[in-house]
Amino acid sequence: MARDSQAALTALNRFGFGARGGASGDFINAASDPRGFVLAELARPNGALLEVPGLLSTPELGKQVFDYQFEIQQARNAAKAAQQGASETPPQGPDTKSPQRRNLSLSTAAKEIAGKDPTMQAQAADGANAAMTPSATMQPSGTPPKPPAQPLNIIQKTFRAEALARLQRGVVADCGFVERLVVFWSNHFCISANKGALARMWAGSFEREAIRPHVLGRFSDMLKAVEQHPAMLFFLDNQQSLGPESRAGINRNRGLNENLAREIMELHTLGVGGGYTQDDVTALARVITGWTFAGRRGQLGTPGSFVFNANAHQPGPQQVLGKTYAQAGVAQGEAVLSDIARHPSTAKFIATKFARHFVADDPPPALVARLQDTFTKTDGDLRALATALVESSEAWQPPLTKMRSPYEFLVASGRLLARNPEDPGRYLNGLNVLGQPLWSPAGPNGFPDTAAAWAAPEGVKLRLDISAQLASQLADRFDPRDLLELIAADAASPETRRTIERGESRQQALALLLMSPEFQRR
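Since the structure is predicted, the reported quantities are computational estimates derived from the model, not experimental observations.

1. So, the overall build of the protein chain
Phase 1 of the analysis: A tally of regular secondary structure across the protein chain gives 27 helices and 4 strands.
Phase 2 of the analysis: Across the protein chain, the fraction of contacts at a sequence separation of at least 24, relative to all contacts at a separation of at least 6, is 73%.
Phase 3 of the analysis: Of the accessible surface of the protein chain, which amounts to about 23,500 Å², a share of 51% is contributed by carbon and sulfur atoms.

2. Here's the deal with the side chain of glutamate 207
Phase 1 of the analysis: Inspection of the secondary structure puts glutamate 207 in helix 10 (residues 197–211).
Phase 2 of the analysis: Of note is the side chain of glutamate 207, whose polar atom sits 2.8 Å from the side chain of arginine 166.

3. Things to note about the packing of helix 20 (residues 406–416) against helix 23 (residues 457–474)
Phase 1 of the analysis: Contact geometry for helix 20 and helix 23: axes closest at 12 Å, N-to-C directions at 15°. Considering the angle they form, helix 20 stands roughly parallel to helix 23. The interaxial crossing formed by helix 20 with helix 23 has right-handed handedness. Contacts between helix 20 and helix 23 involve Pro406, Phe409, Leu410 and Ser413 from the first element and Arg463, Ile466, Ser467 and Leu470 from the second.
Phase 2 of the analysis: Taken together, the residues of the contact of helix 20 with helix 23 break down into 5 nonpolar, 2 polar and 1 charged.

4. A look at helix 21 (residues 425–434)
Phase 1 of the analysis: For helix 21, the full list of buried residues reads Gly425, Tyr427, Leu428, Gly430, Leu431 and Leu434.
Phase 2 of the analysis: On its buried face, helix 21 sits against helix 8 (154–172), helix 20, helix 22 (451–454) and helix 23.
Phase 3 of the analysis: Immediately beyond the C-terminal end of helix 21, within one or two residues, lies glycine 435, with a positive phi of roughly 90°.

Parameters at a glance
Per chain, residue numbering runs from 1 following the sequence as it is written. Local features are withheld for residues below a pLDDT of 70 in this predicted model, meaning they are given only at 70 or higher, and side-chain atom pairs are given and counted only at 80 or more; totals for whole chains, interfaces and linings count all residues. With hydrogens and water set aside, each side-chain value is computed from the structure's full complement of heavy atoms. Secondary structure elements follow DSSP: runs of H or I of four or more residues count as helices, runs of E of two or more count as strands, with numbering from the N terminus. Residue contacts are defined here by distance: any two heavy atoms, one from each residue, within 4.5 Å place the two residues in contact. Residue-level accessible areas treat just the shown protein chains as cover; the underlying method is Shrake-Rupley with a 1.4 Å probe. Throughout this description, a polar contact denotes any pair of N or O atoms lying within 3.5 Å of each other; where both atoms belong to protein, one of them has to be capable of donating a hydrogen while the other can accept it, and for residues adjacent in sequence the pair is counted only when both atoms sit in side chains. A fitted line through C-alpha atoms represents every axis, and for helices the fit uses only the stretch in contact; the resulting angles, taken between N-to-C directions, go from 0 to 180 degrees. Angular relationships are summarised with four words: roughly parallel below 35 degrees, roughly antiparallel beyond 145, roughly perpendicular across 65 to 115, and oblique for the angles in between. What makes a crossing left-handed is the near helix being turned counterclockwise from the far one by less than a right angle; a clockwise turn instead makes it right-handed. Asp, Glu, Lys and Arg are counted as charged, while Ala, Val, Leu, Ile, Met, Phe, Trp, Tyr, Cys and Pro are counted as nonpolar; the rest, among them Gly, fall into the polar class. Burial classes: relative accessible area under 20% of the type maximum marks a residue as buried, over 50% as exposed, and values in between as partly exposed (1.4 Å probe, protein chains only).

Below, the structure is given as C-alpha cells:
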C-alpha cells in the first residue's frame with residue numbers, strides 16, 4: 001500500500017493540483033491506477049477549452065477597451081478645457097454659484113463631463129485624485145473613515161472574470177493535468193498584463209484562444225496562433241515594426257522592432273544556443289513586419305483582430321536559418337514559423353523545458369532524449385509529448401523535488417479546503433503577495449520554474465502567513481489528520497505525521513499541514 005500511496009502522491013502533485021477535499025476518491029483512484037488517473041484527462045475531447053458565458057473574444061474585448069479609452073480621453077480633454085476656461089475668466093465678484101465663475105478642480109470637472117456613469121467618473125478622476133493623496137497625511141490623528149471602494153472599470157471587470165474562470169477550472173478539475181499543461185504553455189508563451197490596458201484586457205482571451213485550443217494539438221499550430229494573436233503583437237511591440245523599405249517605413253522614416261522576432265527564436269522555439277544568429281533575428285523581424293492588429297477605427301479590419309498590413313511589410317525575399325523565403329505576404333512569416341517549429345533545436349529546447357517543469361530542475365537526460373524524439377517523430381504532437389512524459393519511468397521516481405509555484409500552492413489549497421472561488425480577490429491578492437501576479441511576469445521569459453526560485457526564506461514565510469490565515473478561517477471545519485490521509489495517506493513521512501498530531505490547536509495543525517513537504521512539493 002505504501003508504494004501505491006507514493007505513486008498516488010506523485011500523480012496528484014507532480015502532474016496535478018493535489019487532492020480535493022470532499023472528494024476522497026481522488027487518492028483512492030490515483031492509487032489504484034496512477035498513470036491511468038493522470039492520462040484520463042488527455043482523452044477528453046476539448047478538455048482544455050474554457051468556454052464560460054460572458055467571456056468575450058479578443059476583437060469584442062478590443063472594441064470595448066478602444067471605446068472606453070476614447071470616452072475617457074474625451075472626458076479628460078473636456079475637463080482640461082473646462083479648467084483652463086474657468087481659470088482664464090476674469091474675476092467678476094463674489095458670486096461663486098455662476099458656472100462661468102467657478103474655478104473647477106480637474107476631478108470635479110471630469111466627473112461632470114463623464115455624467116452619471118460611476119465607472120467613467122472614477123476613471124476620469126484618477127489623474128486628479130492621484131495628485132491629492134498627500135493631503136491624507138495632514139488629517140487629524142486617529143483612524144480616518146475608510147473611503148468607499150471605487151467601482152471597477154471594464155478592464156478590471158474583464159480581468160477578474162477571466163481570472164475567476166481559470167481559477168474555478170483548476171479547483172474543480174479531476175486531476176488537473178490538463179490545467180497544469182495550460183499553465184506551462186501560457187508561461188512559455190507569456191505576455192504581461194502589466195504592459196497596459198490592452199494587455200490586461202486580453203490576457204485571459206489570449207490564453208483561451210491561442211493556448212488552450214492547442215495544448216493537446218500541434219506545437220506549430222500553437223506557435224502560429226500565439227505569434228499572430230493581438231495580445232502578443234502588442235506585448236512585444238510588433239505593431240510598431242515597419243519594413244525600412246516598405247511604403248509606411250519610407251513615409252514615416254521608421255524601421256524594424258526586433259522584440260517579437262528575438263523572443264520567437266530565443267524563448268519560444270530554438271532557445272539560447274539553438275543555432276540562430278543576429279542576422280536571423282533581423283531577417284525574421286523583416287518577415288513579420290505588417291503583422292499587427294486593427295485599431296479602434298477599423299481601417300484595416302475588425303477592431304482588435306489580427307491583420308496583415310501590406311504597406312508595413314518589408315518587400316523582397318528573406319533568408320532565415322540558411323533558407324530563403326520568397327515574398328508572399330503573411331504566408332512568408334507563416335512558412336518561417338512552420339519550419340522553426342520543426343527545427344531540431346526547438347525539439348530539444350521544448351523537451352528539456354517540459355521535463356524540467358514536471359520532473360526536476362536537472363531532468364534525467366534519458367527522459368529529455370525520449371521526449372525530444374517523441375516531439376520530432378510526431379511532428380510536435382503535444383498530446384503525444386504529454387503522454388510520453390506520463391508513461392516514462394523517470395517521471396514517477398521519488399522524491400518530489402520541485403516546489404509548487406504560488407499559483408499551484410493557492411489552487412491546491414482551494415482544492416483541499418473545498419473552496420471553489422466565487423470571487424478571485426483572495427487568489428489574486430495572494431499571488432501578488434507571493435510574487436507571481438496572474439499573467440504578469442516581469443519579462444518575456446515568464447516566471448521562474450525552479451525549486452530555488454520559490455523556496456527563498458522570505459517566500460516561505462509569506463506562504464506560512466497565508467496558510468495561517470486560511471487555517472484561522474477554516475480550521476473548525478476540518479480535522480488536519482483526516483486531510484493528511486486525503487493528500488498523502490501512507491506516503492506521509494513520520495515527521496509530518498508527528499508534527500500534525502502535536503499541533504497545539506486544530507488551527508496550528510492545519511497551517512502546518514499546508515506547509516508540509518507533502519503539500520508544498522510536486
